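If you want the building blocks of each chain, they are given just below.
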Amino acid sequence: MSQTARLRVFALPLTRPSRPAKSSGVGAAAGGGKKEGVAGQDVRPAYVYYHVQSPPEPSSNTKNPNAFKKMMNKALDTWTSFGKEDKASWKYKLYNWGEKVADRVEFEETALKHVNVSFKPTENNTEPLLDAVKGQFISPRGMTDSLDVWRKHVEHREPYHKRYMLLWSLGLPITAPIGIAPIIPNVPFYFCAWRAWSHWRAWRGTKYLNQLLAASYFESSTNTTLDKIYDRSFIATSDTLSGKDFSMTPTTTNNDNHSTPDATSSPSPPSSSSSSTTSITSSSTEEDEQLLLREADVPVLIEALQLQPSVGPEILRAIEQARLRLRKELKASQQQQQSQSQEQKTSSPSSDDVQAQQRQKKDN
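The text that follows walks through the structure, step by step, so that each part is easy to find. Every chain's residues receive numbers from 1 upward, in the order its sequence appears when written. It should be noted that, the model being predicted, local features are given only for residues of pLDDT at least 70 and side-chain atom pairs only at 80 or more, the latter also being counted only at that level, while totals for whole chains, interfaces and linings use all residues. Heavy atoms throughout the structure, all of them, feed into the side-chain values; hydrogens and water do not.

Of regular secondary structure, the protein possesses 12 helices and 4 strands. Buried means the residue's accessible area, taken with a 1.4 Å probe over protein chains only, is under 20% of the maximum for its type, while exposed means over 50%, and partly exposed covers the values in between. Taking all 364 residues of the protein together, 35% fall into the buried category. Considering only contacts within the protein whose residues lie at least 6 apart along the sequence, 83% involve residues at least 24 apart. Each accessible area value is a Shrake-Rupley result obtained with a 1.4 Å probe; residue values ignore everything except the protein chains displayed when judging cover. As presented, the protein carries roughly 22,200 Å² of accessible surface, and 55% of it is formed by carbon and sulfur atoms. Secondary structure elements are defined from DSSP: runs of H or I of at least 4 residues count as helices, runs of E of at least 2 residues count as strands, and each element is numbered from the N terminus. Contact between two residues is taken to exist if any of their heavy atoms lie within 4.5 Å; hydrogens are not considered.

Written as C-alpha cells, this is what we have:
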C-alpha cells in the first residue's frame, strides 16, 4: 500500500506544558488546596493540534454524493455567496459575524469534525478495515508519551461533544417558531443547528478514532520536518506532552551579563510605570517561550507533510487560539502572584508594628 493510502495522524504541539507556578503555603491555601510548584503535579498538558489524514475516498463516493452531502454542499455554497454580497447588506454582515464566531470554535473540535469516518473497523471491532497496514501516528522525535496523550484526549472528547450536541439540539424546537415571521431569517435556529451539527461531527470522529485506538491500530512514527522545527525549542527542555516529567529549569540562562550588585549601594524602588512595563515584557517573553509552532512554520509543514491547502488556515487558527489561551493563563498567574504577595504583607507584621510592640513590653 502506498504512503498516501495509509491513515495518518500528525501531532503538532502548539505550546509547552504549563510551567508550574512557584507558590508558597499561603498561595496553595488561596488556590483551594491546589498543589503547585512541584514537577508533575497539576501541570496543564501541551496544546496540540491533531490532524487526521484519511486515505482518499473511492471515486464512486465523490461522483455520487448522498442526499445529506448534497444538502451540506448546497448550504456551504449559499453561505459562501453571502460573503460576496455588498458589505452594507445584511447577508454580508451575517457572514462576517458568522466567520468571527467560527474563529472562536475550539480548534480541537474543528480538527475532530473533519475526520473522515468512511473507513470503519469491522463489526467485531478487533481488526481495522484498512488492510494489514497500520496507521501512522507521527509526532516530533523524542516525545515519548505523545500517543498516550492523544488517546486520553480522544477519550475525553467523546462524551464532551455528545453532551453539547444534545444541549444545542434542545434549542432547535425552542427557536423554530421564530421562523414564522418571514421578514428576517431565523438566525437563532440556524445557529443552534450549526452548533449541534458541529458537535455531532466531532462526536462521530471521536467514536471512530476510539474504535481504532481500542484495536491498537496506530503505530508511532517520526518525520524529519517536524524534528527540524521542534528541535530548536522543545526537545531541549521537555520530552513529554503531558508535562509529567516537565523540566523546571528555564529554557535559556545567561548569567554572564548580570553583574553582582554592590552591597553598600541601595537601589531606588522602581516606579509603578516601570514595574508595569516589566510585567508586560515578562508576560510577552513567557508567551514566546511557551509557544512552539509559529505562523511561518505552517507553509513548510503543508508542503513537507503533503497536506491539503485547506489545513493551513486551520493550523493558523489553532496557533492564534493557543496564543490567546497562554495570555489568559499568564494574566491569571500574575494576578495570583499579586494576591499572594498582598496576603503575605497583611499576614506578616510591619517593622513599625514590631517596634511598637517591643516598646509596649518595655513599658509594662
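This part covers the packing of aromatic side chains. Aromatic contacts are taken between Phe, Tyr and Trp rings whose centres are within 6.5 Å, Trp giving its six-membered ring; a plane angle under 30 degrees counts as stacked, one over 60 as edge-to-face, and the others as tilted. For the structure shown, the criterion picks out 11 aromatic pairs. Aromatic side chains Tyr160 and Tyr164 sit 4.9 Å apart centroid to centroid with 55° between the ring planes, which places their arrangement in the tilted category. With Tyr160 and Tyr164 both in helix H6 (residues 146-175), this residue pair falls 4 residues apart, about one helical turn. Relative accessible area serves as the criterion here: at 24%, Tyr160 is assigned to the partly exposed category.

In what follows, salt bridge is the name for a side-chain nitrogen of Lys or Arg lying within 4 Å of a carboxyl oxygen of Asp or Glu. Tallied over the full model, the rule gives 11 salt bridges. The shortest N-O distance in the salt bridge between Arg44 and Glu329 comes to 2.8 Å. Within this pair, whereas Arg44 is found in the loop between helix H1 (25-30) and strand E2 (48-53), its partner Glu329 is found in helix H11 (residues 311-347), the two being separated by 285 residues in sequence. In this structure, Asp227 engages Arg141 in a salt bridge whose closest nitrogen and oxygen atoms are separated by 3.9 Å. Here Asp227 is found in helix H8 (residues 224-231), whereas its partner Arg141 is found in the loop between strand E3 (135-138) and H6, with 86 residues between them in sequence. Each member of the salt-bridge network shares a partner with another, and the members are Glu106, Glu108, Arg157 and Arg325.

Packed helices, taken two at a time, are described by the angle between their axes plus the distance between the axes. The axes are straight lines fitted to the C-alpha atoms, using for helices just the contacting stretch, and the angles between their N-to-C directions are given from 0 to 180°. At a minimum axis distance of 13 Å, the contact between helix H4 (residues 90-103) and helix H7 (residues 187-214) shows a crossing angle of 30°. It follows that H4 is roughly parallel to H7 by the angle criterion. Two packed elements cross with a definite hand, and for H4 against H7 that hand is right-handed. Contact residues: Leu94, Trp97, Val101 and Ala102 in H4; Val187, Phe191 and Trp194 in H7. When residue character is reported, Ala, Val, Leu, Ile, Met, Phe, Trp, Tyr, Cys and Pro are called nonpolar, Asp, Glu, Lys and Arg charged, and the others, Gly included, polar. When the residues that make up the contact of H4 with H7 are grouped by side-chain class, the tally is 7 nonpolar, no polar and no charged. An angle below 35 degrees is read as roughly parallel, one above 145 as roughly antiparallel, one from 65 to 115 as roughly perpendicular, and any other as oblique. Throughout, a crossing is termed right-handed when the near helix is turned clockwise from the far one, and left-handed when it is turned anticlockwise from it by less than a right angle.

Let us look at the pairing of E3. With burial as the criterion, each face of E3 is covered, one bearing Gly135 and Phe137 and the other bearing Gln136 and Ile138. Inspection of the sheet shows strand E1 (residues 8-13) paired to E3 by 3 bridges, in the parallel sense. When the sheet's bridge partners are listed, Arg8 is paired in E3 with Gln136. Summarising the sheet, E3 and strand E4 (residues 218-221) pair through 4 bridges and their orientation is parallel. Its bridge partner lying in E4, Gln136 is registered against Glu219. Strand pairing is defined by DSSP finding a minimum of two bridges between the two strands.

Across its 14 residues, H4 extends 20 Å between first and last C-alpha, which sits within 8% of the 20 Å expected from 1.5 Å per residue. Along H4, the positions that sit buried rather than exposed are Leu94, Gly98, Val101 and Ala102. Seen from one end, H4 has its buried residues packed into an arc of 100°, which puts them on one side. Turned more than 90 degrees from where H4 packs its buried face, Lys93 and Lys100 sit exposed. Here, expected helix span is obtained from the residue count minus one, scaled by 1.5 Å. The arc in question is formed by the directions pointing from the helix axis toward the C-beta atoms.

In this text, buried Ala, Val, Leu, Ile, Met, Phe, Trp, Tyr and Cys residues form a nonpolar core when linked through side-chain atoms within 4.5 Å. Counting residues in each nonpolar core, the largest one holds 26 residues, and the members touching the most others are Leu12, Leu14, Tyr49, Tyr230, Leu293 and Ile315. Elements supplying a minimum of two residues to this core: E1, helix H5 (107-113), H8, helix H10 (297-304) and H11. Looking at which element gives the most residues to this core, the answer is H11, with 6 residues. Leu112, Leu212, Leu213 and Tyr217 belong to the second largest nonpolar core, which has 23 residues in total.

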